[in-house]
Amino acid sequence: MEAGHPSPDSSNEECTVLEALSGLACHTHTGKVTELYCSGCEVCVCEVCALGEHADHPTGPLLAALGTHRDGLQERLTAAQNRLPQISEALVSLREILQQLTNQRALIEEDIHISFEELHKTLDVRKSVLLMELEVTYGLKQKVLQAQLDTLLHGQGGIVDTCTQTEKALSGEARAASLQAERGLGERLRDLASQGLPFQAEENDQLDLLMETEGLRKSIHKLGTIITTSAVASQSEASGVGLEQCIVGLPACVTIMTRDKAGGPCRSGNAILSAEVCTPDGSVADGEILDYKNGTYDFVYTVNKEGEFSLALRLYDQHIKGSPFRLRVTRSPDPESPPTTTGAKRRGKSPGSKKKGSRRTGSALGTPRRKENPIEDDLIFRIGTKGRNKGEFTNLQGVSASSNGRILIADSNNQCVQIFSNEGEFNSRFGVRGRSPGQLQRPTGVAVHPNGDIIIADYDNKWVSIFSSEGKYKAKLGSGRLMGPKGVSVDQNGHVIVVDNKACTVFIFQPTGKLVSKFGSRGNGDKQFAGPHFAAVNNNNEIIVTDFHNHSVKVFTPEGELLLKFGSNGEGNGQFNAPTGVAVDVNGNIIVADWGNSRIQVFDGSGSFLSYINTSADPLYGPQGLALTSDGHVVVADSGNHCFKVYRYLQ
């Protein structure tokens, strides 16, 4: 290397800095330069300072102190730079939340305008009805009184005329020639004097208006509430035995306490919570979130096989503290202990051979009839694995089949609907995640309207969306009324049947969104539900609803009158461990997906058990939606196995 050129590995830069620093004069000792550093006082010192007033202090070469300082500065720089991706991610999340908040504000503003316009229309209609009732009532009373008045006036006129003629006759000279005429006047006077006339009023003058407006005014003052919470996921916590382990087939409970940004407890409910229990292979267990309206929530779930699971608890789509949690599911330590009312053991085995099963007695509300219906069933094909691509699913829920040979799947956790042919060939899919109209947050139910429109129940968005057959958004219904729509169906009149899982109510809407009727409430009575899931409509336009936690199936008129109830908790023929999907064939037979027992049962129209669908070759795990295809097969969403299956079904 040529002389005069420094080596690239030399400390030339450091020497320059040292020379510059060593050239600094000591302020205390004239002629001395600061070549040392007192770390105790954090000042540069000279040799005399180090031997004098800083003699007992830790001192060292200034260059070493400079290196240490720069190393620390570099560490802080790296730490600060590492925050930038976190800030960028947080900015994206906050902008998304802000956009969703803005969209939700616009949506609620629209709903307020629509609701009050409907109220105005309702008031105008009532006003017109009252005015019409007034005119009709007045007309009827006026007609009676006017007829009575006319009768009296006619009688009065007759008497006055005859009396006038008689008085004129009496004032003249009596003559034989007038005798006949006077005799006629006498007969007329006799008749008029005895004539029956309506002297008493045959109607009254009462026309009053009873308008109870005070209660209405009070209701209007309280009409509508803007619901929100200050809960944030980063501060909210979960507790309970259900966080760590549960027993196979028995319910476990986790309590969620929502908190605000400062860690203070929230005192109101209605926060948007979601919960999932997943196995390592992606299988999902079902459960229910209970809102106590005081900032606390319970997630009650049941797992039907042992193993390692993860429990994800999200608040506004963000994991709460500690989520996801590791969960171990084990067999009951006392296998002889009786099952609880909420769940049974693993599941009843679907019969491997053609098993007719024991005959159940008819429902108390139905007339049992003996009807032989031999059913030979087996798996034709299955479609799907866990994933997000076409033909892959994550927690598929609702199923529907169209008359033109299409199978529609509500792919819940992928926020879309996937469409296949009856032969299982993928056709298309549509859906964009979000909380704005036209977007899907958690699609759980799907149905096809006779006009071809696709109707989707969106559990988390709390409304039902209507799309064209090509997947183009058209409208939504039920916003502001629904709390957690799970299943949808369409009746003989083209009305949309919505099963609200949270409200435990069945709503019936016109496709325009107008509410036709509703029925049901939370409870275990005949006309009550506990987490209803799906519905089907038979040829009599009767609505068949699966009552999940009451382990039964109920049949209602469109007006909500109970016609039939069948099922109880258990593993026997005709018993259920949380029924989900339901369909009806052309003969009125009812096909039910038995979620907890992982099987499909078939009943006649009176609720009497007929047979099973044979699923033993490829067992189900947590079946959800169920439908009959246009070519007469049974299609079921095998949610736990992330696929749908099509079975041969001979009616």
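Remember, it's a predicted structure, so these values are computed and weren't measured experimentally. (Residues numbered from 1 in each chain as written. Predicted model: local features only at pLDDT ≥ 70, side-chain atom pairs only at ≥ 80, totals over all residues. Heavy atoms only, no water.)

So, the environment of histidine 495
Mapped onto the elements, histidine 495 comes out in the loop between strand E23 (485-490) and strand E24 (496-500). The buried category is assigned to histidine 495, whose relative accessible area is 17%. Note: C-alpha distance between histidine 495 and phenylalanine 509 (14 residues apart in sequence) is 5.6 Å. Non-local contacts of histidine 495, meaning those with residues more than four positions away in its chain, are made with Ser489, Val490, Ile508, Phe509, Gln510 and Val516. (Helix = DSSP H or I, 4+ residues; strand = E, 2+ residues; numbered from the N terminus. Buried < 20%, exposed > 50% of the residue type's maximum accessible area, 1.4 Å probe, protein only. Contact = heavy atoms within 4.5 Å.)

A word on the nonpolar core
For soluble globular proteins, nonpolar side chains are generally found buried alongside one another. Of all hydrophobic cores here, the largest spans 27 residues; its most connected members are Tyr301 and Leu313. Contributions of two or more residues to this core are made by strand E4 (232-239), strand E6 (252-259), strand E7 (273-278), strand E10 (296-301), strand E11 (307-315) and strand E13 (325-330). It is E11 that provides the largest number of residues to this core, a total of four residues. Contact partners of leucine 313, with chain neighbours within four places excluded, come to Ala238, Val254, Ile256, Ser274, Ala275, Phe299, Gln318, His319, Ile320, Ser323 and Phe325. Membership of the second largest hydrophobic core comes to 15 residues, among which are Val555, Phe603, Phe609 and Tyr612. (Core = buried A, V, L, I, M, F, W, Y, C linked by side-chain atoms within 4.5 Å.)

Some thoughts on the layout of surface pockets
Here the second largest pocket is characterised by a volume of approximately 1000 Å³. Surrounding the second largest pocket, 41 residues form its lining, Ser400, Ala401, Val448, Ser489 and Leu628 being those nearest its centre. Only strand E15 (396-401), strand E19 (443-448), E23, strand E27 (532-537), strand E31 (579-584) and strand E35 (623-628) provide two or more residues apiece to the lining of the second largest pocket. Of the residues contributing to the lining of the second largest pocket, the split by class is 19 nonpolar, 19 polar and three charged. (1 Å grid on protein atoms, 1.4 Å probe; cavity = no way out; pocket = protein on both sides within 12 Å on 5 of 7 lines; lining within 4 Å. Points joined across faces, edges and corners; volume = space filled by probe spheres on them. Nonpolar A, V, L, I, M, F, W, Y, C, P; charged D, E, K, R; others polar.)

Re the packing of aromatic side chains
Counted under the stated rule, the structure contains 16 aromatic pairs. Arranged with centres 5.6 Å apart and planes meeting at 70°, the rings of phenylalanine 467 and tyrosine 473 form a pair that is edge-to-face. One residue, lysine 476, lies across the ring of tryptophan 463, its end atom 5.2 Å from the ring centre. (Phe/Tyr/Trp six-rings, centres within 6.5 Å; stacked < 30°, edge-to-face > 60°. Lys NZ or Arg CZ within 6 Å of the ring centre and 35° of its normal.)

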